[in-house]
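# Per-entry structural report
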Amino acid sequence: FPSAGATVHLIPGNHDINPESKTAADALARLQHYRTTFASHDYGAFRTKFASFVTINSEFLLLPYLGLNGTHAHPNVSAEVDAQWKWIERALTDAKASGAPHTVLVMHHPPFLHTEDEAEQYFNWPVEPRKRILSLAQLATPLRLEATLAVAARLVARTPAARPRAVPPYPLLE
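This is a predicted model, so every value here is computed, not measured.

Conventions adopted
- Numbering of residues starts from 1 in each chain and follows the order in which that chain's sequence is written.
- Predicted model: local features are reported for residues with pLDDT of at least 70 only, side-chain atom pairs are reported and counted for 80 or more only, and whole-chain, interface and lining totals are derived from all residues.
- Note: side-chain values were computed over all heavy atoms of the structure, leaving out hydrogens and water.
- pLDDT is a residue-level measure of predictor confidence that goes from 0 to 100.
- Counting from the N terminus, the helices are DSSP H or I runs at least four residues long and the strands are E runs at least two residues long.
- Any two residues having at least one pair of non-hydrogen atoms within 4.5 Å are treated as being in contact.
- Salt-bridge detection follows one rule: a side-chain nitrogen of Lys or Arg within 4 Å of a carboxyl oxygen of Asp or Glu.
- Exposure is judged per residue with a 1.4 Å probe applied to protein chains only, and the accessible area is read against the type maximum: over 50% gives exposed, under 20% gives buried, and values in between give partly exposed.
- To obtain each axis, a line is fitted to C-alpha atoms, and for helices this fit is confined to the stretch in contact; angles are then taken between N-to-C directions over 0 to 180 degrees.
- For classification purposes, angles smaller than 35 degrees are called roughly parallel, those larger than 145 roughly antiparallel, those between 65 and 115 roughly perpendicular, and all remaining angles oblique.
- Here a crossing is called left-handed whenever its near helix is offset anticlockwise from the far helix by less than a right angle, and right-handed whenever the offset is clockwise.
- The residue classification treats Ala, Val, Leu, Ile, Met, Phe, Trp, Tyr, Cys and Pro as nonpolar and Asp, Glu, Lys and Arg as charged. All others, Gly included, are polar.
- We treat two strands as partners when DSSP finds at least two bridges between them.
- Put simply, a nonpolar core is a bunch of buried Ala, Val, Leu, Ile, Met, Phe, Trp, Tyr and Cys residues held in one set by side-chain atoms that sit within 4.5 Å of each other.

Another point: the confidence of the model for the protein. For residues with low pLDDT, the predicted coordinates do not support detailed interpretation. Of all residues in the protein, 75% have pLDDT values of 70 or greater, and the mean over the chain is 78. Per-element confidence in the protein is highest for strand β1 (residues 44–47), whose mean pLDDT is 93, and lowest for strand β5 (residues 155–157), whose mean pLDDT is 39. Note that pLDDT drops below 50 for residues 152–170; the model gives that stretch 37 contacts with residues more than four away or on any other chain.

With that settled, the discussion passes to the pattern of salt bridges. Taken as a whole and judged by the stated rule, the model has three salt bridges. A salt bridge links D42 to R35; its shortest N-O distance comes to 2.7 Å. Of the two residues, D42 and R35, both sit in the buried class. For E80, the salt bridge identified is with R35, shortest N-O distance 2.8 Å. Taken together, the residues E80 in helix α3 (residues 75–98) and R35 in helix α1 (residues 24–37) connect sequence positions 45 residues apart. Each member of the salt-bridge network shares a partner with another, and the members are R35, D42 and E80.

Turning to the packing of α1 against α3, a few remarks are in order. At their nearest, the axes of α1 and α3 sit 9 Å apart, and the two run at 45 degrees to each other. In terms of their interaxial angle, α1 and α3 are classed as oblique. Helix-helix and strand crossings are classified by hand; for α1 and α3 the assignment is left-handed. Every residue of α3 that contacts α1 at A24, L28, L31 and R35 is listed here: N76, V77 and E80. Counted by class, the contact of α1 with α3 contains four nonpolar, one polar and two charged residues.

Below, the discussion takes up helix α2 (residues 58–66). Of all the residues in α2, the buried ones are S58, E59, F60, L61, L62 and L63. Its buried side turned inward, α2 meets α1, α3, β3 (102–107) and α4 (127–137). Where α2 ends, the next residue or the one after it, L68, has phi of about 60 degrees, a positive value.

Counting buried positions along β3 yields six of six residues, so the element is predominantly enclosed. Burial along β3 is two-sided: the face carrying H102, V104 and V106 and the face carrying T103, L105 and M107 are both buried. Across five bridges, strand β2 (residues 51–55) lies against β3 in parallel orientation. Bridge pairing in β3 places S52 opposite T103.

Right, let's get into the packing of α3 against α4. Where α3 contacts α4, the axes come no closer than 9 Å and their chain directions differ by 25 degrees. With respect to each other, α3 and α4 are oriented roughly parallel. Between α3, through W85, I88, E89 and L92, and α4, the contact on the second element is made entirely by P129, R132, I133, L136 and A137. Residues that form the contact of α3 with α4 fall into these classes: seven nonpolar, no polar and two charged.

Let us look at the nonpolar core. Counting 31 residues, the largest nonpolar core has I56, F60, W85, I88, W125 and I133 as its most contacted members. Of all the secondary-structure elements, those providing two or more residues to this core are α1, α2, α3, β3 and α4. Counting six residues, the second-largest nonpolar core is a separate cluster that includes F46, A51, F53 and V106.

Below is the structure:
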């Protein structure tokens, strides 16, 4: 895309980093492969004049809940997960401080499909990390989380409190 003048921001999905990895060694090897093959980091943030985007590695955040054979996470996996949670908090705080009118969380799997309190299933997050990400999202949008861009479900999930509104008259990525 460089020839088109576009910047591409990558996030890993379940085919890159499997949230159901059975061993810490497998999960860490997949993470390292992603970082060396596709992008130096698996989460990040960027701003346009209309929005702040916070991209997260939802696959690795879910690993302690879905993978590792139901055991407690390996210390190296825990360190990666904890570092990303701390980074998300800082990134969302920075997004609010930026003054951008919109903040968009970008991830592979959405925290929920229809309602914040829906039952856990394959296409949404387990309840504990879902509550945590939605709580952190309040740092950027204290009234309500309006939307998350989820690549896997190819949808924009809205909270019940978010009223649908017309598409802004400007592109968010400009």
